[in-house]
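Chain by chain, the residues run as shown.
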Amino acid sequence: MQKFKNFLNKTWNEPTKNQKILIYLFYCVITFAVMSVFYYRQALYGWDLPVHIAKILDTSENEAYSLVSYLLLLSYKITNSVVGCAIFLAICQVLSYFSAAYFFLHLLKYSDNKLNLSFFQCFVISAPLLYLGSLYIPLIAPTFYKQSFITQPYHNGTYLLMRLTGFLVLGLYLKIRTDYLENGISLKHWLLFFVLLTLTNAFKPNFIMFFAPAMLFELIYDFIKTRGKKTMVIVKFGFAVLLSLPVLLLQFNVLFNNEHTAEEASGIIIGFKRFFESATLQSVAAHIFGSLLFIIIVSIICIMKKCISRNLIFGWLMFLVAYAERSFIYETGPRANDGNFIWGIYFAALLLAIICLERFIFLKDQIKKTTFIFLIILIIIMIVCGIMYFGAVLLLNSPLF
């Protein structure tokens, strides 16, 4: 038993090149195989994917608003079937492991956390986090997805690619933000940030909708902190976001100005309908205990231990903005039931959970052993619930439970 423990410890701390390759392959090959089957079934019998494929194959009307549609069309034409679309989305899921590891690595590196993990170690930790799901609690949170903030919408291809590049945007953002006030922003980093953000917007606009307001808050904070002495570099940082926005105008034109008659027109309104629909005692309990329990507990501990990081505040800002968009902004007309303003909450909650995991790692020696064990078990159960939900969607082809 001791030899096995020593082997695991050495593999974790000093893995050989072959061990790394084997573990990468273990994650990637299994994921690619399962996801290929999943998206193939989704393309034939699922919810969102068949609609997207049908729209891109219908040349009579141009209703494709996302770059994902054109990538799916290219994938379809390569194989002349939905197999190409399934393979493409499966590859994107595998790549998401690496982009999540990139984000987690930078989250650790550009914080007060002294834990120095390699990219390989961040990969092993962060990959399972993409399967975080709401806790299944009978009577309180009796569904995996319907009343969830954090269960990932595996069936939505545009969300999948938005999440893939969104992790890269945030990792680079943390890198630039760390010392841009002292050392400025290199042209390479500024251009890369702009390109990644534009690409993310082209996939799905929900990320920029919660990221940009949170970033604006941070830029205003930096402006006040420096008493306006670093105005030019702050404006330069924010200008990259502004330049990435025109793609949203193109998407808006396709979604809301492409209808033929007034009866077919969709619109955007601000209201309280969805907020009141989700403000029932059972729904609030499902959100708190099902989706946010780990996040809330870790955040409270951070307040008590006076170790609230800037990243944690930023994570909560993104989540609260995404929650406000989900609750108060919705569409009218033919798109009234599409729920296109809800997608941001799933990514924002996932990001906040990962940020809270970084804080949990930072606090591991400052909290009681029972609390530590409870939180470890809690995060494991959330991953198990997420995998159970994915398995149910894989078998039943329905995301609505």
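These numbers were taken from a predicted model, which means no experiment stands behind them. (Residues numbered from 1 in each chain as written. Predicted model: local features only at pLDDT ≥ 70, side-chain atom pairs only at ≥ 80, totals over all residues. Heavy atoms only, no water.)

Peer 1: Any chance you could explain the pattern of salt bridges here in plain terms?
Peer 2: Side-chain pairs of opposite charge can arise where the charged atoms are in close proximity. In total, this model carries 7 salt bridges according to the counting rule given. Its salt-bridge partner being Asp 222, residue Lys 225 comes within 3.9 Å of it at the nearest N-O pair. Taken together, the positions of Lys 225 and Asp 222, both in helix α9 (residues 206-225) and 3 residues apart, correspond to about one turn of that helix. Under the relative-accessibility criterion, Lys 225 is labelled partly exposed at 46%. For Glu 358, the salt bridge goes to Arg 359, with nearest N and O atoms at 2.9 Å. Considered together, Glu 358 and Arg 359 belong to a single accessibility category, that of buried residues. Three or more residues are tied together by salt bridges with common partners; here these are Arg 177, Glu 218, Asp 222, Lys 225 and Arg 310. (Salt bridge = Lys/Arg side-chain N within 4 Å of Asp/Glu carboxyl O. Helix = DSSP H or I, 4+ residues; strand = E, 2+ residues; numbered from the N terminus. Buried < 20%, exposed > 50% of the residue type's maximum accessible area, 1.4 Å probe, protein only.)

Peer 1: What's the story with the packing of helix α5 (residues 82-109) against helix α6 (residues 119-129) in this structure? I'm lost.
Peer 2: The relative placement of two packed helices is expressed as an angle between their axes plus a distance between the axes. Close contact between α5 and α6 brings their axes to 8 Å; oriented N to C, the two are set at 115°. In terms of orientation, α5 lies roughly perpendicular with respect to α6. By crossing handedness, the relation of α5 to α6 is classed as right-handed. On α6, the residues that touch Tyr 97, Phe 98, Ala 100, Ala 101, Tyr 102, Phe 104, Leu 105 and Leu 108 of α5 are Phe 119, Cys 122, Phe 123, Ile 125, Ser 126 and Ala 127. Residues belonging to the contact of α5 with α6 are distributed by class as follows: 13 nonpolar, 1 polar and no charged. (Axes fitted to C-alpha atoms, helices over the stretch in contact; angles between N-to-C directions. Parallel < 35°, antiparallel > 145°, perpendicular 65-115°, else oblique. Left-handed = near helix turned anticlockwise from the far one by under 90°. Contact = heavy atoms within 4.5 Å. Nonpolar A, V, L, I, M, F, W, Y, C, P; charged D, E, K, R; others polar.)

Peer 1: Please explain the environment of Phe 203 as it appears in this structure.
Peer 2: Note on placement: Phe 203 falls in helix α8 (residues 187-203). Residue class for Phe 203 comes out buried when judged on its relative accessible area of 5%. Separated by 136 residues in sequence, Phe 203 and Leu 67 have C-alpha atoms that sit 5.2 Å apart. When sequence neighbours within four positions are dropped, the list of residues in contact with Phe 203 reads Ser 66, Leu 67, Val 68, Leu 71, Thr 158, Leu 161, Met 162 and Thr 165.

Peer 1: Got a minute to help me understand a nonpolar patch on the surface in this structure?
Peer 2: A contiguous nonpolar surface patch, about 680 Å² in accessible area, is contributed by Phe 32, Tyr 40, Leu 44, Tyr 45, Val 83, Ile 87, Ile 91 and Leu 95. Going through the elements one at a time, α2 (17-45) and α5 are the ones with two or more residues in the nonpolar patch. When you line up the elements, Leu 95 lands in helix α5. (Patch = residues over 30% accessible without salt bridge, like charges linked within 9 Å, V, L, I, M, F, W, Y side chains within 5 Å. Areas by Shrake-Rupley, 256 points an atom, 1.4 Å probe, with all protein chains shown as cover.)

Just distances and angles here, no functional claims.
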